[in-house]
Amino acid sequence: QVQLVESGGGLVQAGGSLRLSCAASGRTFSSYTMGWFRQAPGKEREFVARIRWSGGSTLYADSVKGRFTISRDNAKNTVYLQMNSLKPEDTAVYYCAGRPSTVGVGTGKYEYEYWGQGTQVTVSS
């Protein structure tokens, strides 16, 4: 049974940084694609970034490109989202997601089978 547990959210001022972590367990993740999504109040859940566990290929939403970095630590089975130059519009619940496939682009929420519980990120102006 796959479990994804996020941590690292919090309150930060605009321009600040946070690092989110997603601890994955229950499988061998070498064939997985891992993603970060976010959902602001009253809005749809949207793609932020994704990484192929094997090879480390990454992809970002235009809104976070150049500010956010997704990475993984194979030894710890953990995926990270380093968020720099945060803006108030980055405020949302951030979710870690996983799918046992590298087929497809990996930006659609319906592509993902496993989800974490979410962690709140609030950026004050």
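Refer to the structure above for everything that follows.
These numbers come from a predicted model, not from an experiment.

Draft legend 1. How the structure looks around the overall build of the protein. The helix and strand inventory of the protein stands at zero helices and 11 strands. Starting at the N terminus and ending at the C terminus, the protein contains elements arranged as β-β-β-β-β-β-β-β-β-β-β. What you see for the protein is a C-alpha radius of gyration of 13 Å, in line with the 14 Å of a compact globule of 125 residues. Projected onto its principal axes, the C-alpha coordinates of the protein cover approximately 40 × 25 × 25 Å. Taking all 125 residues of the protein together, 43% fall into the buried category. Across the protein, the fraction of contacts at a sequence separation of at least 24, relative to all contacts at a separation of at least 6, is 58%. Side-chain charges in the protein split into 14 positive and 9 negative, and the spacing between the mean points of these groups amounts to 4 Å.

Draft legend 2. Looking closely at unusual backbone geometry. One non-glycine residue, Asn77, adopts positive backbone phi at about 50°. Classification of Asn77 as partly exposed rests on a relative accessible area of 23%. Residue Ser85 is not a glycine yet carries a positive backbone phi of 50°. Mapping Ser85 onto the fold places it in the loop between β8 (78–83) and β9 (92–99). For Ser85, a relative accessible area of 41% corresponds to the partly exposed category.

Draft legend 3. Quick peek at the pattern of salt bridges. One pass over the structure, following the stated rule, counts six salt bridges. Notably, a salt bridge pairs Asp62 with Lys65, separated by 3.1 Å at the nearest N-O pair. According to the relative accessible area criterion, Asp62 is exposed, its value standing at 66%. Asp90 serves as the salt-bridge partner of Arg67, at 2.8 Å between the closest nitrogen and oxygen. Of this pair, Arg67 sits in the loop between β6 (58–60) and β7 (68–73) while Asp90 is found in the loop between β8 and β9, placing the two residues 23 residues apart along the sequence. On the accessibility criterion, Arg67 (10% relative accessible area) is buried.

Draft legend 4. Structural context of the packing of aromatic side chains. Counted by the stated rule, this structure contains eight aromatic pairs. When the ring centre of Tyr95 is taken as origin, the NZ or CZ atom of Arg45, which lies over that ring, is 3.7 Å away. When the ring centre of Trp115 is taken as origin, the NZ or CZ atom of Arg45, which lies over that ring, is 4.8 Å away.

Draft legend 5. Quick look at the environment of Gln1. Along the chain, Gln1 turns up in the segment before β1 (3–7). The exposed category is assigned to Gln1, whose relative accessible area is 76%. With residues near it in sequence (within four places) discarded, Gln1 still touches Ser25, Gly26 and Arg27.

Draft legend 6. Spotlight on the nonpolar core. Judged by nonpolar contacts, the single largest core of 35 residues is most densely connected at Met34, Trp36, Leu81, Met83 and Tyr94. Elements represented by at least two residues in this core include exactly β3 (18–25), β4 (33–39), β5 (46–52), β7, β8, β9 and β11 (119–124).

The rules behind these values
Residues numbered from 1 in each chain as written. Predicted model: local features only at pLDDT ≥ 70, side-chain atom pairs only at ≥ 80, totals over all residues. Heavy atoms only, no water. Helix = DSSP H or I, 4+ residues; strand = E, 2+ residues; numbered from the N terminus. Rg over C-alpha atoms; globule rule 2.2 N^0.38 Å. Buried < 20%, exposed > 50% of the residue type's maximum accessible area, 1.4 Å probe, protein only. Contact = heavy atoms within 4.5 Å. Lys, Arg positive; Asp, Glu negative; His and termini not counted. Charge placed at Lys NZ, Arg CZ, Asp CG, Glu CD. Salt bridge = Lys/Arg side-chain N within 4 Å of Asp/Glu carboxyl O. Phe/Tyr/Trp six-rings, centres within 6.5 Å; stacked < 30°, edge-to-face > 60°. Lys NZ or Arg CZ within 6 Å of the ring centre and 35° of its normal. Core = buried A, V, L, I, M, F, W, Y, C linked by side-chain atoms within 4.5 Å.

Interpretation in functional terms is not warranted from these geometric data alone.
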